[in-house]
Structures are given as structure tokens and as C-alpha cells.
Amino acid sequence: MRVLVVGQGGREHAICWKLKQSPQVKEVYAAPGNGGIAAIANCVPIEATDIIELADFAESLRMDLTVVGPEIPLTLGIVDEFQKRGLAIFGPTRLAAEIEGSKVFSKEFMKKYGIPTADANICGSYDEAIAAFDARGLPCVIKADGLAGGKGVVIPATRDEAVATLSEIFESRRFGMAGSRVLIEECLTGEEVSVMAITDGKKVVPFAPAKDYKKAFDGDEGPNTGGMGSHSPAVVLPAETAAEVMKKIVLPTVQGMADEGRTYTGCLYVGIMLTPDGPKVLEYNCRFGDPETQAQILRLEDDIFDVLLRSARRNLGETKLTWKKEASACVVVTTKDYPAGSSKGHEIVVDPIADDSVVVFHAGTSKKDGKLYTTGGRVVNVCARAATLSDALAKIYANIGNVRFQGARYRTDIGYRALGQRAASAAT
Ligand code: AMP
Ligand code: GLY
């Protein structure tokens, strides 16, 4: 079988790495891929958003399956284009991807189907948003409706900050059309977990829960990022709460989307806050999480190709996934200026790592004349699996210095919210 992976991050490197282990997969292609993916797959220089070019390429090589990593091609309708041409593709259609693409849509959807989430006002103008903010008071959350590259959520510390944020959104059009509507949302408190599941529109196959560390700096300080590290299991999610999340959130979401005529296939990612009133949805993503997937894949026993193809063919049947009992973790090494910037062009040296339970997935890297260079803010992911989460993290931190480039930075405390909690009762 021949598989095309669309995207260029650590998540896509992990997916290619796992696909390469499938006895059914003969060739893996990536578009556009990165410097690490190039070592295990054929990288083709087509951007993830060039949908027609991607479909032409998949058609010409008779690709047996295409797997889409990032959200933008999904919200642009890559799945619709491939399906129109009879090509198997893993991911939701444009209408289904709106669950991530529009926070207004997803909030109204959750209200309609009784899926627990933060209370929110939908506002289409600056004045409306200020009035809603003043009625709610601090703390509250401002969210731009559309995709904003992870920067569309602001939790203002003061009214002045809220006013400045709303005026940037409505008056300076900071997010373009993505900010033509906002949510003014109740601020939830509790522990966050990432719950993912693969679905064919009916049947739902849970992925191992994971936890992601979004803030830039140790102690969960600083701005939000795409994710600075992750581990699986989530540890903070007890098995009975995971079952409740499945019953009250994941299954009704898949059923509700089908009822809306937006049948959802692919990976559904639900960001959950474990509040004192029970689990509530913070956000949906229409794709695998990054960097959660890198940690989860290290624990996956099964052939990933089977489950992805079965989802694409709407034929999950009795598919079940099994997860190694061990824990896994991922620490992201970024450029010095991330998340504000992503200094490019620094040479990266990765010294050999003797411990083969440590895996380095690449994100913002490219290879030129045999040398690796930085191309994005999140540069590489150092990942490991071990008997316990603390052992996995110890292996990562013992080897992370083997990745060297000017201004390399990482959080030194990934896992801290889970360590010390009893892993034995956690959902696996
Ligand atoms: P989102 O882009 O919707 O995932 O939000 C990014 C991050 O903002 C989440 O992972 C949370 O840490 C935080 N967040 C979003 N919504 C809320 C909320 N209602 N209450 C508290 N924190 C939130
Ligand atoms: N790690 C969060 C995300 O993938 O959106």
C-alpha cells in the first residue's frame, strides 16, 4: 500500500514513523514533510493547503490512503475534493471540520445537543462584546470565531486588556474574517486533558487520553503555544471520568454531527476541562493533537494503517486499539523567540542517542546539502516510553541536550501536573 501524509509537523513525523512499521505499507509520501520525515518517507514539495495539487498527485500515484495532519486543509475541503475523485482520505469533510473552524458553530452545536461546555455569548460587534464582557465580569475568556493559529483565545487579566483585545479583533481586524464574531465565555477552572477518538461517523474508537502543556514557560507561565510537551496516559483523568467523557461528550458529538447532516469521520479531538461540576468542552479540533499524538503513538500496539483506512472507508466495524501499559512523553524544543516568532535558518545538530526507546520527531526543520536547519518555532520533539511517566521524562531530559541549535529552548517541567498522582487508577 502507498500512503500520503499531508503536513509538516512533529505529529506528521510520528504518523509517518508508525505507518512505516505497518507490514501493509510499502511506501510513505509526505507533502511537504520536513527534515526528519525526509529520512523515512518521500517528501514532495506541495504545500498542505494546495488541495488540487495534492489530489492530482494522489491520483497520479494511485495513493491507497491520504492522511491529513493539520486543520487548515480540512476546513478548506481537502476531504471533499479527494472523495469526489474516489480517493480514500482520513479526515472530516469541510462541513464536519467546521466543528474546529468556527467556535460559534461548535458552541451552538453543543448547546443544541446538551453537551457540557462553558456558557458563552456570541457577539458580532465591538459594542455587543463589551456589553457581554461587562455583564460577565472578570475572569472571562474572549475567543475569535475562526481559525487563528492558536492565538485566537485571550483570557484578559484586566478590563483594559479586554478592551484592547476586542478593539484589535473588531477595529484592527487582527484575525481578519476569523474575528468577525467572538465568544465572550465563562472562564472554567480545573485540570485540562486531551481526549481523541477515531470515528467513521458512527462507530467511535477511543485513543489513549493525553495531557498537553500549552504555556510557553515552566510552571504554566507565559503565553499559550501550540503545545510545549505532552504525555500519555493523561494520569489526571480517572478511568470513570474518561467513560463519562465518552458517554456525555464524544458519542453525542459524533451522533449530533450525523444528525446535522455533517457526518464526522477522522480524528475528533476534544479539549476537556475537568471542572468541579464535571468534564466540560473547551474546544474541538478536527484532527490529531500536536504534540499529544507523538506521545500517544509510542504507546499504540496496533497497525495504525488499518484503523485510519477503516475510518476513511466508513468501516471501523469492531476495531479496537490496544495501548502499551507503559507511559510516554514528549518535550518540544523550540526556537528562542517562540511563540512570538520562529527564527529560521539556524543549523541543527542531532547527536546520536544510544537509548533506542528515545525517539526524536522533527517539526520545524528542513534538510539542505545534508544539513538540518530550523524552519519553524517548534523545531523538534524528543519523546520516550518507559515503565513510568517519571522514567520516560528522565530519559527525555537526559538526552535532550543531544539536539543543539542556536537559541534552543524547552520547558524543564513537562509532566509536573501528573507526577505524584496515582497512575494506577488513570484511564489508559
Ligand atoms: P482553544 O483555542 O479554544 O483550545 O483555547 C486555548 C486554551 O485556552 C485552552 O487550552 C485553555 O487552556 C484556555 N481556555 C479556552 N477556553 C477556556 C475557558 N472557557 N475557560 C478557561 N480556559 C479556557
Ligand atoms: N496540542 C493542542 C492542539 O493540537 O491543538
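Use the structure listed above.
Residues numbered from 1 in each chain as written. Chains lettered and ligands numbered in written order. Predicted model: local features only at pLDDT ≥ 70, side-chain atom pairs only at ≥ 80, totals over all residues. Heavy atoms only, no water.

Engineer: A description of the sheet that holds strand β1 (residues 2–7) should follow, citing residues and the corresponding values.
Structural biologist: With parallel pairing, five strands are arranged side by side in an open sheet as β3-β2-β1-β4-β5. Here the strands that pair on one side only, and so sit at the sheet edges, are β3 (42–43) and β5 (89–90). With six bridges joining them, β1 and strand β2 (residues 27–32) adopt parallel strand pairing. Considered in β2, the bridge of V5 is made with A30. Across the sheet, helix α2 (residues 51–60) is in contact with β1, β2 and β4 (65–68); its angle to β1 comes to roughly 170°. (Pairing = 2+ DSSP bridges. Helix = DSSP H or I, 4+ residues; strand = E, 2+ residues; numbered from the N terminus. Contact = heavy atoms within 4.5 Å. Axes fitted to C-alpha atoms, helices over the stretch in contact; angles between N-to-C directions.)

Engineer: Now, about the packing of helix α7 (residues 126–136) against helix α8 (residues 159–170): what can you tell me, with residues and values included?
Structural biologist: Two numbers describe how α7 lies on α8: the axes approach to 10 Å, and their chain directions differ by 155°. Regarding the angle of α7 to α8, the classification is roughly antiparallel. Relative to α8, the crossing made by α7 is right-handed. Every residue of α8 that contacts α7 at Y126, A129, I130, F133 and D134 is listed here: R159, A162, V163, L166, S167 and F170. By residue class, the composition of the contact of α7 with α8 is eight nonpolar, one polar and two charged. (Parallel < 35°, antiparallel > 145°, perpendicular 65-115°, else oblique. Left-handed = near helix turned anticlockwise from the far one by under 90°. Nonpolar A, V, L, I, M, F, W, Y, C, P; charged D, E, K, R; others polar.)

Engineer: A description of helix α12 (residues 389–399) should follow, citing residues and the corresponding values.
Structural biologist: Taken together, the buried positions of α12 are occupied by L389, A392, L393, I396 and N399. Looking straight down α12, one finds that the buried residues subtend no more than 140° of arc, so they occupy a single side. At its buried positions, α12 is contacted by β13 (221–232), β16 (327–334), β18 (358–362), β21 (378–386) and β22 (403–404). (Buried < 20%, exposed > 50% of the residue type's maximum accessible area, 1.4 Å probe, protein only. Arc of directions from axis to C-beta.)

Engineer: Describe unusual backbone geometry, naming the residues involved and giving the relevant values.
Structural biologist: Cis geometry marks the peptide bond from A31 to P32, where omega comes out at -5°. Checked against the element boundaries, P32 lands in strand β2. In this chain, Y338 is followed by P339 through a cis amide linkage whose omega measures 5°. Structurally, P339 can be placed in the loop between β16 and β17 (347–350). Although it is not a glycine, R173 adopts a positive phi angle of roughly 50°. Topologically, R173 is positioned in the loop between α8 and β9 (182–186). Unlike most non-glycine residues, D220 shows phi in positive territory, near 55°. Exposure remark for D220: the relative accessible area of 22% places this residue in the partly exposed category.

Engineer: Tell me about a nonpolar patch on the surface, and please be specific about residues and values.
Structural biologist: On the surface, I72, L76 and L147 cluster together into a nonpolar patch covering about 240 Å² of accessible area. Its place among the elements puts I72 in helix α3 (residues 71–76). (Patch = residues over 30% accessible without salt bridge, like charges linked within 9 Å, V, L, I, M, F, W, Y side chains within 5 Å. Areas by Shrake-Rupley, 256 points an atom, 1.4 Å probe, with all protein chains shown as cover. Salt bridge = Lys/Arg side-chain N within 4 Å of Asp/Glu carboxyl O.)

Engineer: Lay out the site of ligand 1 in plain terms, naming residues and giving numbers.
Structural biologist: Lining the immediate environment of ligand 1, one finds 16 residues, of which E185, E186, L188, E192 and E283 sit closest. A distance of 3.2 Å separates an oxygen atom of ligand 1 from a polar atom in the side chain of K103. Taking E186, its main chain carries an N or O atom lying 2.9 Å from a nitrogen atom of ligand 1. In isolation ligand 1 exposes 470 Å². Once the protein is present, 91% of that is buried. (Near = heavy atom within 4 Å. Polar contact = N/O pair within 3.5 Å; in protein donor to acceptor, adjacent residues only side chain to side chain.)

Engineer: With reference to specific residues and values, describe the packing of helix α1 (residues 10–20) against helix α10 (residues 292–299).
Structural biologist: For any two helices packed against each other, the geometry is given by the interaxial angle and the distance between the axes. Two numbers describe how α1 lies on α10: the axes approach to 8 Å, and their chain directions differ by 20°. Taken as axis vectors, α1 and α10 run roughly parallel relative to one another. Between α1 and α10 lies a crossing whose hand is left-handed. Every residue of α10 that contacts α1 at G10, R11, A14, I15, W17 and K18 is listed here: T293, Q294, I297 and L298.

Engineer: Could you give me a rundown of the sheet that holds β21, with the residues and numbers involved?
Structural biologist: Spatial ordering of the open sheet is given by β12-β13-β16-β21-β18, a layout of five strands whose pairing is antiparallel. Each having just a single partner strand, β12 (211–217) and β18 make up the two edges of the open sheet. Between one strand axis and the next, the sheet turns by 25° as a mean value, whatever way the strands run. In the sheet, β12 pairs with β13 via five bridges, with the strands oriented antiparallel.

Engineer: Go over the site of ligand 2, please, and point to the residues and values.
Structural biologist: Around ligand 2, a shell composed of D212, G226, Y269, N285, R287, G289, D290, P291 and E292 is seen. Within the side chain of R287, an N or O atom sits 2.9 Å from an oxygen atom of ligand 2. Between a nitrogen atom of ligand 2 and a side-chain N or O atom of E292, the distance comes to 2.9 Å. Taken by itself ligand 2 offers 200 Å² of open surface, and the protein chains cover 91% of this. Across the shell around ligand 2, the residue classes tally to two nonpolar, three polar and four charged.

Engineer: So what's going on with the pairing of β13? Which residues, and what values?
Structural biologist: Counting the residues in the hairpin turn of β12 and β13 gives three residues, including G219, whose phi is positive at 75°. Relative to β16, β13 is paired through four bridges, and the arrangement is antiparallel. Note that in β16 the partner of S232 across the bridge is S328.

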